[in-house]
Amino acid sequence: MSNAARKSSVVEWEKPGPRARLRLFCFPYAGGGAAVFRGWGAVAPPEIHVVPVHLPGRGNRFTEPALTRSEALVEQLAEELSPYMDVPFALFGHSMGAMLAFELTRRLRALGKQLPEHLLVSGRRAPQRPSDKRKLHGLPEDEFRVELRNLNGTPDEILEHPELMELFAPILRADFELCETYALREGEPLNVPISAFGGLEDPDVSRDDLMAWKEHTRGFFKLRMFPGGHFFLNGARQQLVHAVSEDLLRLALR
């Protein structure tokens, strides 16, 4: 695998080890950034090069506007990540990130580009099963903060400090708008294996919601559930990375 040093605002790039054979691009949940996947590289086997993706509006792309439509963001990601897709790769995404990874795979197919060896979706209902949850992106500030606290994904130190909320609220609102305006377009199933992961205590994404991802692949599909709620990837990080690695080693790197 090419291990040329790269400096980019698009990905969190660490030089891959000599045994690396596959890049695993990782997409975060709404409001999250590349830091969500900090430490994954230390848990993953040396054959897998973990590459967290920086989305516009956060991290070292903080000065860029956060996009509010999935089509625009996916098109941008397809262009930005293309130089890094010069070796075998896979896509992992959690919640909003799962939708982005799925639509990016479909965009690459439409462009006639190389497809990922594996698509790994986490904490997100299959796109043909839309959520009936209340839309959040346009709520007044007080209601918005209450809903964020209920979701349990935003640290209290942000929710309780007006200055930090002033910085983070626009990113969160943009991400929620992106998710809440997303609608699945008709398309053929992918010729890409799919693994799905979920939290046993997630009140919004059921086992059936996750199992429905099977309709989007003509190949291998596997579902695993972990202890925890919607953000189980934080509490069960090591188990999740091991499960992701197991599927990649068995299929993509066989």
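Structure first, text after, so check above.
Report follows, based on the coordinates. Values in this document were obtained by computation on a predicted structure and should not be read as measured data. (Residues numbered from 1 in each chain as written. Predicted model: local features only at pLDDT ≥ 70, side-chain atom pairs only at ≥ 80, totals over all residues. Heavy atoms only, no water.)

## Some words on the overall build of the protein
Move 1: Summing up its helical and strand segments, the protein has 9 helices and 6 strands in all.
Move 2: The proportion of buried residues among the 254 residues of the protein is 53%.
Move 3: Summarising the internal contacts of the protein: among those between residues at least 6 apart in sequence, 77% fall at separations of at least 24. (Helix = DSSP H or I, 4+ residues; strand = E, 2+ residues; numbered from the N terminus. Buried < 20%, exposed > 50% of the residue type's maximum accessible area, 1.4 Å probe, protein only. Contact = heavy atoms within 4.5 Å.)

## Comments concerning unusual backbone geometry
Move 1: Of note, S95 is a non-glycine position whose phi angle comes to about 60°, a positive value.
Move 2: Given the relative accessible area of 14%, S95 is considered buried.

## Focus on the pairing of strand β2 (residues 48–52)
If a strand is regular, its side chains alternate between the two faces of the sheet.
Move 1: Most of β2 sits inside the fold, with 5 of its 5 residues counted as buried.
Move 2: Because side chains alternate across β2, one face comprises the buried residues I48, V50 and P52, and the other comprises H49 and V51, equally buried.
Move 3: Pairing geometry for strand β1 (residues 22–27) and β2, over 5 bridges, is parallel. From the neighbouring strand, R23 faces β2, where its bridge partner is H49. (Pairing = 2+ DSSP bridges.)

## Structural notes on the environment of R207
Move 1: Mapped onto the elements, R207 comes out in helix α7 (residues 207–211).
Move 2: Sequence separation between R207 and M225 is 18 residues; the distance between their C-alpha atoms is 7.8 Å.
Move 3: With sequence-adjacent residues up to four places away left out, R207 is seen in contact with L200, L223 and M225.

## So, the nonpolar core
Move 1: F25, F27, L81, L104, L119 and W213 are the most contacted members of the largest nonpolar core, which has 49 residues in total.
Move 2: Of all the elements in the fold, those that place two or more residues in this core are β1, α2 (70–81), β3 (89–94), α3 (96–110), β4 (119–122), α6 (162–180), β5 (194–199) and β6 (221–226).
Move 3: Aside from chain neighbours lying at most four places away, what touches W213 is A98, F102, V121, R124, R125, A126, P127, I194, A196 and F221.
Move 4: Within the second largest apolar cluster, 23 residues are counted, among which are V50, A90, A243 and L248. (Core = buried A, V, L, I, M, F, W, Y, C linked by side-chain atoms within 4.5 Å.)

## Let's talk about α2
Move 1: In a regular helix each residue adds 1.5 Å, so 12 residues correspond to 16 Å; α2 covers 16 Å between its end C-alpha atoms and thus fits that length.
Move 2: All buried positions along α2 are accounted for by S70, L73, V74, L77, A78, E80 and L81. (Expected span 1.5 Å × (residues − 1).)

## Concerning the packing of aromatic side chains
Move 1: Tallied over the full model, the rule gives 10 aromatic pairs.
Move 2: When the centroid spacing of 6.2 Å and the interplanar angle of 40° are considered together, the rings of F197 and F226 count as tilted. Residue F197 is located in strand β5, and its partner F226 is located in strand β6; the two are separated by 29 residues in the primary sequence.
Move 3: By way of ring pairs, the aromatic residues F37, W40, F92, F197, F226 and F232 are connected into one cluster. (Phe/Tyr/Trp six-rings, centres within 6.5 Å; stacked < 30°, edge-to-face > 60°.)

## Topic: the pattern of salt bridges
Move 1: A complete count under the given rule lists 15 salt bridges for this structure.
Move 2: One salt bridge in this structure joins R61 and E64, with 2.9 Å as the shortest N-O distance.
Move 3: Note that R250 is salt-bridged to D247, the shortest N-O span being 3.1 Å. Of this pair, R250 and D247 are both found in helix α9 (residues 237–252), 3 residues apart, which corresponds to roughly one turn of the helix.
Move 4: On the accessibility criterion, R250 (38% relative accessible area) is partly exposed.
Move 5: Among the ionic contacts, a cluster of salt bridges with common partners joins K222, R224, E246, D247 and R250. (Salt bridge = Lys/Arg side-chain N within 4 Å of Asp/Glu carboxyl O.)

## Focus on the pairing of β4
Move 1: Here β4 shows no split at all, with L119 and V121 on one side and L120 and S122 on the other all buried.
Move 2: Read as a crossover between parallel neighbours, the route from β3 over α3 to β4 is right-handed.
Move 3: One ladder, built from 4 bridges, connects β4 with β5; its direction is parallel. Paired with S122 across the strands is F197, a residue of β5. (Right-handed = clockwise from strand over helix to strand, strands pointing away.)

## Comments concerning the sheet that holds β3
Move 1: One open sheet accounts for 6 strands, arranged β2-β1-β3-β4-β5-β6; its pairing is parallel. The open sheet has two edge strands, β2 and β6, and neither has a second partner. In this sheet, neighbouring strand axes are inclined to one another by 20° on average, regardless of whether the strands run parallel or antiparallel.
Move 2: Two elements, β1 and β3, share 5 bridges in a ladder whose sense is parallel. Along β3, the bridge assignment pairs F25 with L91.
Move 3: Contacts between α3 and the sheet are confined to β1, β3 and β4, with β3 contributing the most and set at about 145° to the helix. (Axes fitted to C-alpha atoms, helices over the stretch in contact; angles between N-to-C directions.)

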